[in-house]
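# Reading the structure
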Amino acid sequence: MRSKSEETVRRGHCLCGDVKITARAAGSGVGACHCKMCRRWGGGPFMEIDCGSEVDFEGEDNISVFDSSKWADRGFCRNCGTHLFYRIKASGQHMVPVGLFDDAEGLLFEGQVFIDEKPAYYEFANQTKNLTGEELFKLFSDN
Ligand SMILES: [Zn+2]
Ligand SMILES: [Zn+2]
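Just so it is clear, the model here is predicted, and its values are computed rather than measured.

### As for the packing of aromatic side chains
The relative placement of two aromatic rings is captured by the distance of their centres and the angle of their planes. Throughout the structure, instances matching the rule amount to seven aromatic pairs. Their ring planes at 85 degrees and their centres at 6.0 Å tell us that Phe114 and Phe137 sit as a pair that is edge-to-face. Within this pair, whereas Phe114 is found in the loop between strand S10 (108-113) and strand S11 (129-131), its partner Phe137 is found in helix H2 (residues 133-142), the two being separated by 23 residues in sequence. Accessibility expressed as a relative area gives 41% for Phe137, which makes it partly exposed. Between Tyr121 and Tyr122, the aromatic rings sit 5.3 Å apart at their centres with planes inclined by 65 degrees, giving edge-to-face as the arrangement. Among the aromatic side chains, those forming a connected cluster through ring pairs are Phe109, Tyr121, Tyr122 and Phe124. Looking at Arg74, its charged tip hangs above the ring of Trp41, at a distance of 4.8 Å from the centre. One cation-aromatic arrangement involves Lys118 over Tyr122; the distance from NZ or CZ to the ring centre is 5.5 Å.

### Here's the deal with the sheet that holds strand S3 (residues 29-33)
One open sheet accounts for eight strands, arranged S6-S7-S8-S9-S4-S3-S10-S11; its pairing is mixed. With one partner strand each, in any of the chains shown, strand S6 (63-66) and S11 form the two edges of the open sheet. Averaged over neighbouring strand pairs, the angle between their axes works out to 30 degrees when direction is ignored. In the sheet, S10 pairs with S11 via three bridges, with the strands oriented parallel. Counted as the bridge partner of Val113 is Leu131 from S11.

### What to know about the sheet that holds strand S1 (residues 8-13)
The three strands lie next to each other as S1-S2-S5, forming an open sheet whose pairing is antiparallel. In this open sheet, the two strands that pair with only one neighbour each are S1 and strand S5 (55-58). Strand-to-strand twist of the sheet, defined as the mean angle between neighbouring strand axes without regard to direction, takes the value 15 degrees. With four bridges connecting them, strand S2 (residues 20-26) and S5 associate as antiparallel partners. Following the sheet pairing, Lys20 is matched in S5 by Glu58.

### Here's the deal with the coordination of the zinc ion (ligand 1)
The zinc ion (ligand 1) binds to the protein through Cys14 (SG), Cys16 (SG), Cys77 (SG) and Cys80 (SG), with metal-donor distances spanning 2.3 to 2.4 Å. Here the zinc ion (ligand 1) is ringed by four donor atoms whose angles at the metal span 105 to 113 degrees, and the overall shape comes out tetrahedral. Each donor residue of the zinc ion (ligand 1) lies on one chain, and together they are spaced C-x1-C-x60-C-x2-C. Remark: Cys80 occurs in the loop between strand S7 (72-77) and strand S8 (83-88) and Cys14 occurs in the loop between S1 and S2; sequence separation between them is 66 residues. When its relative accessible area of 1% is taken as the criterion, Cys14 is described as buried. The partly exposed category is assigned to Cys80, whose relative accessible area is 26%.

The rules behind the values
Residues numbered from 1 in each chain as written. Chains lettered and ligands numbered in written order. Predicted model: local features only at pLDDT ≥ 70, side-chain atom pairs only at ≥ 80, totals over all residues. Heavy atoms only, no water. Phe/Tyr/Trp six-rings, centres within 6.5 Å; stacked < 30°, edge-to-face > 60°. Helix = DSSP H or I, 4+ residues; strand = E, 2+ residues; numbered from the N terminus. Buried < 20%, exposed > 50% of the residue type's maximum accessible area, 1.4 Å probe, protein only. Lys NZ or Arg CZ within 6 Å of the ring centre and 35° of its normal. Pairing = 2+ DSSP bridges. Axes fitted to C-alpha atoms, helices over the stretch in contact; angles between N-to-C directions. Donors = N, O, S within 2.8 Å, 3.2 Å for Na, K, Ca; no water. Tetrahedral: all angles 85-135°; square planar, octahedral: opposite > 155°, others 65-115°.

Laid out in structure tokens, this is it:
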């Protein structure tokens, strides 16, 4: 869903500053996940940038990793609790919360996934490409 030309370096950090992140090939598309796990994790939809596998962390000792499913884990700062990534185990692909980054330049809200798990009490007005959980899994198994 992202093209090479859109990739850029993005830098960010957690609330306390113990963990700093440099995503060397971050996409410019912002995605939202409405699945029950993401909403329980963060209290609302997870809004992220697909940063691929070229992600460097400073202060790695302060990162706790929660093994959240067979295929992915989730990292957070053990000091301030800021969520740092949702990571696909097989590919090392990091979905990084967009709010960590200092600069919102060029970002575009492009897609929403698990739209079928979105509760009725909120709805984004942005026009985005939306996938159900089933459609998302199908996309992964096709390539
Ligand atoms: Zn922190
Ligand atoms: Zn999710």
